[in-house]
Amino acid sequence: MTFTPHGKHLIAGDWVGGGATFRSAPASGPAHDFSLGTPDLVSRAAQAAEEAFWSFGYSPREDRATFLEAIADEIEARGARITEIGTQESGLPAARLEGERGRTTGQLRLFARHIRDGDYLDRRHDQALPDRQPLPRPDLRMIQRPIGPVAVFGASNFPLAFSTAGGDTASALAAGCPVVVKGHPAHPGTAEIVAEAIHAAITACNMPAGVFSLVHDGGREVGTALVQHPLIRAVGFTGSLAGGRALFDLCAARAEPIPFFGELGSVNPMFLLPEAVKVRGEAIAKGWAGSLTMGAGQFCTNPGIAVVLEDQAAGLAEAARAALSETGAQVMLTDGIAEAYRKGRDRVAGGSGVREVLTSVCDLRQATPYLFHVSGADWLANEALSDEVFGPLGLIVAAKDADQMLQIAGSLEGQLTCTLHLDAGDAALGRRLMPVLERKAGRVLANGFPTGVEVSDVMVHGGPYPASTNFGATSVGTLAIRRFLRPVCYQNIPEGLLPDDLR
């Protein structure tokens, strides 16, 4: 059955329309009209979320786990229609959307299991010591408690897994925090049908209506109103550095500042050590080409930089060029992203000492791969070369020796990932690089490629700024729930007044 969006917002259980509209710009298929978000709608959603928190925030873990599983079931029940509208709006292939839908429902069920286990509560108890000298110790108990309503911004490059019911929403709901989502204008129909799934789960599980709301895009005014609303207690965001930093500054400028958990991107550098390149350089180059062009390079973990010793750079460049040449044009998520990709290409190509290895022609919403080469000295002299290019563009940085490779690593800003390709003979250099790389990134890989993030208990998807705005947090994996909790200590509180999970 074909899904036709009605173009309305979901505010505390009601579908609300009217007022000005915007038209979607799908990669294929029909365009649809959607009601523009407004600060008033944001305020209504935030107030409903605060009201819902007084019951949802204190609900049993089992009830919340059942709710998360119900959302997953409702999403799966709409699977074919989600894929249809998602592929039309984003230009992503059906297989990618179906895989992303599986990841979305999988992480909802993962958080259900996680809160049932209860380890995330970090319960602690220091028993009273009334006879301790020189002073007695009171009875002290500690537990993690939900913080209140959370704002979530839908991501352009993941219409499902990082958007309406994505990781931020799943982890906030698991923690006991109601959610207000600002939908991304690139895929409003996808947001709407997923919001319908959440609404159905709310009804089936008898949850308070304000536990989830969706406000469609309304420009900067709506984003500003959401992060500055006094009832919002934290923000989850995946997107550009410029947009994320602007919202981060607004959160910090509030009368009561709140945490902004922004995942802002990365160049995800790879360090190709000499023995590994000597033994399997061609295979590494082919693997890099595949990772670089996957999904038209529209992943925050896209490995855009390869650092290699200069006497091995030419061979790597030729192998990577040959592999990339086999990749044709791919549709990008939006016209704006495609234009930004071309501007990034021009910025890199215009850098001092940068040499073109593979050029191509891309226009409109199409992306084709590019490959460039630069010396380590020219890289170090031009900070702009370390800026992310969102798309299938690779830059080979040729270091004159191991010391310069270490210098390049030390010059990096914060990253989501750093990768080492090494063999046994590279162990000494690898040991020198590891302390540098672990200070630069939230995830360090060996002999792999960072595109693709496992959703698990130990995954870290974050890193020092500008990769993210909070280096102690992750937006993927069960540890993501910690963003929306805070520790509370209870001193000499009678048993009957303690939270159920502390009794």
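Predicted, not measured: the structure shown is a model, and the values here were computed from it. (Residues numbered from 1 in each chain as written. Predicted model: local features only at pLDDT ≥ 70, side-chain atom pairs only at ≥ 80, totals over all residues. Heavy atoms only, no water.)

Enquirer: I keep staring at the pattern of salt bridges and nothing clicks. Help me out?
Expert: Any two side chains of opposite charge can pair, on the condition that their charged atoms come close. Tallied over the entire structure, the rule returns 25 salt bridges. For arginine 345, the salt bridge is made with aspartate 346, and the minimal N-O distance between the two is 3.0 Å. For aspartate 346, a relative accessible area of 44% puts it in the partly exposed group. With its nearest N and O atoms 2.8 Å apart, the salt bridge here joins arginine 432 to aspartate 403. Highlighted residues: arginine 432 in helix α14 (residues 427-440) and aspartate 403 in helix α13 (residues 402-411), separated in sequence by 29 residues. Judged by its relative accessible area of 40%, arginine 432 falls in the partly exposed class. (Salt bridge = Lys/Arg side-chain N within 4 Å of Asp/Glu carboxyl O. Buried < 20%, exposed > 50% of the residue type's maximum accessible area, 1.4 Å probe, protein only. Helix = DSSP H or I, 4+ residues; strand = E, 2+ residues; numbered from the N terminus.)

Enquirer: What am I meant to see in the side chain of arginine 64 here?
Expert: Assignment of secondary structure puts arginine 64 in helix α2 (residues 61-77). Buried charge arginine 64 goes without a salt bridge, the closest partner of opposite sign being aspartate 501 at 5.9 Å. Aside from chain neighbours lying at most four places away, what touches arginine 64 is Phe56, Ser59, Ile115, Tyr120, Leu173, Ala174, Ala175, Gly176 and Met207. (Lys, Arg positive; Asp, Glu negative; His and termini not counted. Contact = heavy atoms within 4.5 Å.)

Enquirer: Looking at this model, I keep getting lost on the sheet that holds strand β6 (residues 140-146). Mind explaining?
Expert: The strands that make up a sheet are held in pairs by hydrogen bonds between backbone atoms, and each pair lies either parallel or antiparallel. Pairing is antiparallel across the open sheet formed by three strands, whose spatial order is β5-β6-β21. The open sheet has two edge strands with one neighbour each: β5 (124-126) and β21 (485-491). Taking each pair of neighbouring strands and ignoring which way they run, the sheet shows an average axis angle of 25°. With seven bridges joining them, β6 and β21 adopt antiparallel strand pairing. Residue pairing in the sheet places isoleucine 143 in a bridge with valine 488 of β21. (Pairing = 2+ DSSP bridges. Axes fitted to C-alpha atoms, helices over the stretch in contact; angles between N-to-C directions.)

Enquirer: Would you mind going over helix α7 (residues 220-228) with me for this structure?
Expert: Helical periodicity: at 3.6 residues per turn, an α-helix aligns residues three or four positions apart in one direction. Buried residues of α7: Val222, Gly223, Ala225, Leu226 and Val227, and no others. Where α7 is buried, its residues meet α1 (39-56), β7 (150-153), β8 (179-182), β9 (212-215), β10 (234-238) and α8 (241-253).

Enquirer: What am I meant to see in the packing of α13 against α14 here?
Expert: Viewed as axis vectors pointing N to C, α13 and α14 meet at an angle of 10°, and their least axial separation amounts to 9 Å. In terms of their interaxial angle, α13 and α14 are classed as roughly parallel. On the side of α13, the interface is formed by Ala402, Asp403, Met405, Leu406, Ala409 and Gly410, while α14 contributes Leu429, Arg432, Leu433, Val436, Leu437 and Lys440. Residues belonging to the contact of α13 with α14 are distributed by class as follows: eight nonpolar, one polar and three charged. (Parallel < 35°, antiparallel > 145°, perpendicular 65-115°, else oblique. Nonpolar A, V, L, I, M, F, W, Y, C, P; charged D, E, K, R; others polar.)

Enquirer: Can you walk me through the sheet that holds strand β20 (residues 441-446) in this structure?
Expert: Taken in spatial order, the seven strands line up as β15-β17-β18-β13-β12-β19-β20 in an open sheet, and their pairing is mixed. Among the strands making up the open sheet, the edge pair consists of β15 (355-358) and β20. On average, adjacent strands in this sheet sit at an angle of 20° to one another, irrespective of strand direction. Pairing of strand β12 (residues 270-272) with strand β13 (residues 305-309) involves three bridges; the strand directions are parallel. Paired with leucine 272 across the bridge in β13 is valine 308. Sheet strands touched by helix α9 (residues 274-293): β12, β13, β17 (370-375), β18 (393-399) and β19 (415-421). Its angle to β18, the strand with the most contacts, is close to 160°. Against the sheet, helix α11 (residues 335-349) touches β15, β17 and β18, its axis set at about 30° to β17.

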